[in-house]
Amino acid sequence: MNRPNKPEVLAPAGSLESVYAAVRCGADGVYAGGKLFSARANAVNFSEEELKEAVRYCHLHGVKIYRAMNTVIFDSEAEEFCNEVRKSAEAGVDGLIIQDLGGAYLAAAAVPDMPRHGSTQMTVHTPLGAKAAEGAGFCRIVPARELSLPEIQKICDTGVETEVFVHGAQCMCLSGQCYMSALIGSRSANRGQCAQACRLPFSAFAKEEYYALSLKDMSLVSHIGELINAGCASFKIEGRMKRPEYVAAAVTAVRRAADGEKHISPDMARLEAVFSRSGFTDGYLTGKTGKEMFGHRRKEDVVSADRVLPELAALYKDERKSGHISFEFSSKAGMPSSLRFSSGDIRGEVTGMVPEAARNRSISSDDVTKQLSKLGGTRYTLEDVKCNIDEGITLPASEINRLRREAVSECDRLTVERNTPRYDITDFTPEKVVSRNDKGEPAIRVMSSNIETIRMALEYAEMVIAPVNICKGLSEDMPNGKIAVSLPDIVTDEEELLRELSELKARGFTDLVCGNFTHLGVLNKLGDIHIHGGTGLNVTNSYAVKRFAELGICDITASFEMKAAQFSALGKSVPVGFYAYGRLPLMITRNCPIRAQAGCKSCTGSVTDRTGRVFPVECDSKKYACIRNCDILETSDRLSEFRGAAFALLDMGSMPPKQAEEVIKRYIRRGKPEGKFTRGLYYRGIV
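Residues numbered from 1 in each chain as written. Predicted model: local features only at pLDDT ≥ 70, side-chain atom pairs only at ≥ 80, totals over all residues. Heavy atoms only, no water.

1. So, the nonpolar core
And step 1. Counting residues in hydrophobic clusters, the biggest one holds 205 residues, and the most contacted among them are L501 and F517.
And step 2. Top contributing element to this core by residue count: helix α9 (residues 244–258), with 10 residues.
And step 3. If we ignore the near neighbours within four places in the chain, the residues touching L501 are V468, V485, L487, L512, V522, L523 and L526.
And step 4. In terms of nonpolar packing, the next biggest core, distinct from the first, is built from 22 residues, V368, V385, L395 and L403 among them. (Core = buried A, V, L, I, M, F, W, Y, C linked by side-chain atoms within 4.5 Å. Buried < 20%, exposed > 50% of the residue type's maximum accessible area, 1.4 Å probe, protein only. Helix = DSSP H or I, 4+ residues; strand = E, 2+ residues; numbered from the N terminus. Contact = heavy atoms within 4.5 Å.)

Encoded structure:
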């Protein structure tokens, strides 16, 4: 059980000035992105030289620095990804934050001993999910932001190091794994290009302006004591795209709360003034979801920042005093003067001029101490000065000052050297991808939550995928060998789910669909089953396919953010299929936008954007909701363009059997779709 005495305060940094603000206001760690593979691509981010400077400055103060390489990657980027990992290692970062399992595989091959942290986009939200991520090579996980305190507690109890978001913007979508921006404008959140479409007006009622998908910023600062008791290893602040003053305000508030200070109301007032969306919320942590969690950026929120910016800039104006230093000065006639220094376990010596014979006044210990005390602008506080000076000699004050500057500089260098990790960097080159471009026709797989549609689809489909609750209600005469069980996107009770799956397994349901690491952790407990990878695994490269295969996945549905050509070129070490039909799932959300706005009794079943597009919302037992795309994806006449596809997945939802059968038959004969539809991202791609 992990119970750290002093959890890390982890600050965001989108620029060097934000690094200075974070460190000077008391952060224990900083996370930043480079120019490539950052899920905040629109932040300033760090060049190679700027990253080195950020590492130097952080390590000078004993602060950790992690690089966020948390986008999904494509095969064409594998070599570049490895090079960026090597550059990070050479710079001396303390770890990488990664979402893509293929990226984690490449990072481990390029720099085996560099720590890898599992990004929140991996959707780890249960203890078994945390253990599954640990088993996949992640030493720290960032759980979903939608968790309650008891749920966080259970994850911490596993002993897996846990980094918990405590302040900042939160996506409406579970773990920020959202596809809305990509489908609307080709700007993928999973590639760091989110256009924040959710912050625009959406409403359960057409023509009513409302912000049904915009949550207030999270703030758990008042719950820091409870999170410490829960065993959190790191308190993470969101905000790599925000200004340094915001970083200063957030770090100051979290730092003081983590240090046990009780009166932090002024800090919170400044923090709300510098950035908020109608205030803050702790709704997920406390389990009080609903209308109160929603908010958007108002004019008064923007204006309030002006009055606090100078005050916040003053918080990080001066260097942080993060170390003590002691000096031992020696000056002997006929010998070079010397200045020994020590700071903690760092020790060294610099030498200077041979003193001259004194003509008027000899140099004294007070003279030396006065010059050595001039440490303003450095990180040091003077602890002690000892002097060993011969009588009748003198030395210019400028020489003592020079010795002091050299000693401080050398102490800084040794401190950075001690705090900077050295890694085993390999010359690994990603293997050439060999795609399986079989000319065989892809099999049909059907996903449905309608029992009659399932019964009909079994006649045509290689496999039919149905939710747990539907499978429980299927009659014994159904051929369960052709039915795969899909798990709920959000698992709220692992023990109950395991019991249900065990009962289904006893009835012969041995095919199950895994959509995230929590699913993988649960399914690993069953044994003697076939695990099929769903689109939630976000597979966009051959290395992810290979790695998931090693973790026991027998086939995978690739991410629908790939182009058809990218899918065709994919190395298919296990059979890979594609999402071929249906309303693409844009968001999984624990806070139903319709319930929050209108209440369940007035459910409209959809939300409408400002252009009049209607997005269906599906409810799962009031535990979570799925927001679907406004248009149906159609590829029935394009199946041959997905070369090497093992199967085409047709997502029927709750569609009645007659309509579903028409769709299936059209896909079998490769007919052309009619009416309004979308090709998704298969041809226009993403940024």
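2. What to know about the sheet that holds strand β27 (residues 614–620)
And step 1. The strand order across the open sheet formed by five strands is β8-β26-β27-β28-β25, and the pairing between neighbours is antiparallel. Edge positions in the sheet fall to β8 (202–203) and β25 (585–589), since each has one partner strand and no second.
And step 2. Direction of pairing for β8 relative to strand β26 (residues 606–609): antiparallel, over a ladder of two bridges. Each residue of the ladder has a partner; that of S203, found in β26, is T608. (Pairing = 2+ DSSP bridges.)

3. Describing the packing of helix α10 (residues 265–274) against helix α12 (residues 299–313)
Helix-helix packing is described using two parameters, namely the angle between the two axes and the distance between the axes.
And step 1. Two elements in contact, α10 and α12, have axes whose closest approach is 6 Å; the angle formed by their N-to-C orientations is 125 degrees. Classed by the angle they form, the pair α10 and α12 counts as oblique. Contacts between α10 and α12 involve R270, E272, A273 and V274 on the former and, on the latter, D301, S304, A305, R307, V308, L309, E311 and L312. (Axes fitted to C-alpha atoms, helices over the stretch in contact; angles between N-to-C directions. Parallel < 35°, antiparallel > 145°, perpendicular 65-115°, else oblique.)

4. As for the pattern of salt bridges
And step 1. Applying the stated criterion across every chain, the model contains 48 salt bridges.
And step 2. Between K64 and D94 there is a salt bridge whose closest N-O contact spans 4.0 Å. In this pair, K64 is assigned in strand β3 (residues 64–68) and D94 in the loop between α3 (78–91) and β4 (95–98), connecting sequence segments 30 residues apart.
And step 3. When the shortest N-O distance is used, the salt bridge between K87 and E84 registers 3.3 Å. A residue pair is termed a helical-turn pair when its members lie 3 or 4 positions apart in one helix, as K87 and E84 do in helix α3 at three residues.
And step 4. The class of E84 is buried, set by a relative accessible area of 11%. (Salt bridge = Lys/Arg side-chain N within 4 Å of Asp/Glu carboxyl O.)

5. Considerations on helix α2 (residues 48–60)
In an α-helix, one turn spans 3.6 residues, which is why side chains three or four residues apart end up on the same side.
And step 1. Taking 1.5 Å of rise per residue, the 13 residues of α2 would be expected to cover 18 Å, and the 18 Å separating its terminal C-alpha atoms lies within 8% of that figure.
And step 2. For α2, the set of buried residues is L51, A54, V55, Y57, C58, H59 and L60.
And step 3. Lining the buried residues of α2 we find α1 (16–24), β2 (29–33), β3, α3 and α14 (397–419).
And step 4. Just beyond α2, the residue with positive phi is G62, at close to 70 degrees. (Expected span 1.5 Å × (residues − 1).)

6. Quick look at the packing of aromatic side chains
And step 1. Under the defined criterion, the tally for this structure stands at 14 aromatic pairs.
And step 2. With a centroid separation of 4.7 Å and an interplanar angle of 55 degrees, the aromatic rings of Y179 and F560 are classed as tilted. One end of the pair, Y179, is in the loop between β7 (161–168) and α7 (180–185); the other, F560, is in the loop between β23 (553–557) and α20 (564–569), with 381 residues separating them in the sequence. The burial state of Y179 is the same as that of F560; both residues are buried. (Phe/Tyr/Trp six-rings, centres within 6.5 Å; stacked < 30°, edge-to-face > 60°.)

7. Quick look at the environment of R307
And step 1. Mapped onto the fold, R307 is located in helix α12.
And step 2. The class for R307 is exposed, based on a relative accessible area of 61%.
And step 3. R307 sits 33 residues away from V274 along the chain, and the two C-alpha atoms are 8.6 Å apart.

8. Comments concerning the pairing of strand β28 (residues 624–628)
And step 1. Taken across its five residues, β28 has five buried, putting it largely inside the fold.
And step 2. Going residue by residue along β28, you find Y624, C626 and R628 tucked away on one face and A625 and I627 tucked away on the opposite face as well.
And step 3. Pairing between β25 and β28: four bridges, direction antiparallel. Along β28, the bridge assignment pairs M587 with I627.
And step 4. In this sheet, β28 lies alongside β27 in antiparallel orientation, the contact comprising four bridges. Of the residues in β28, the one forming a bridge with D620 is Y624.
And step 5. Count of turn residues in the β27/β28 antiparallel hairpin: three residues, of which S621 carries a positive phi of about 55 degrees.

9. Concerning helix α4 (residues 101–110)
And step 1. Within α4, eight of the 10 residues are buried, which leaves it mostly tucked inside the rest of the structure.
And step 2. For α4, the full list of buried residues reads L101, G102, G103, A104, Y105, L106, A107 and A110.
And step 3. Those residues of α4 hidden inside the fold are in contact with α3, β4, β5 (116–118), α18 (517–523) and α19 (542–550).
And step 4. Between the side-chain oxygen at the start of α4 and the backbone nitrogen of G102 there is a gap of 2.6 Å, and the oxygen is on D100. (Polar contact = N/O pair within 3.5 Å; in protein donor to acceptor, adjacent residues only side chain to side chain.)

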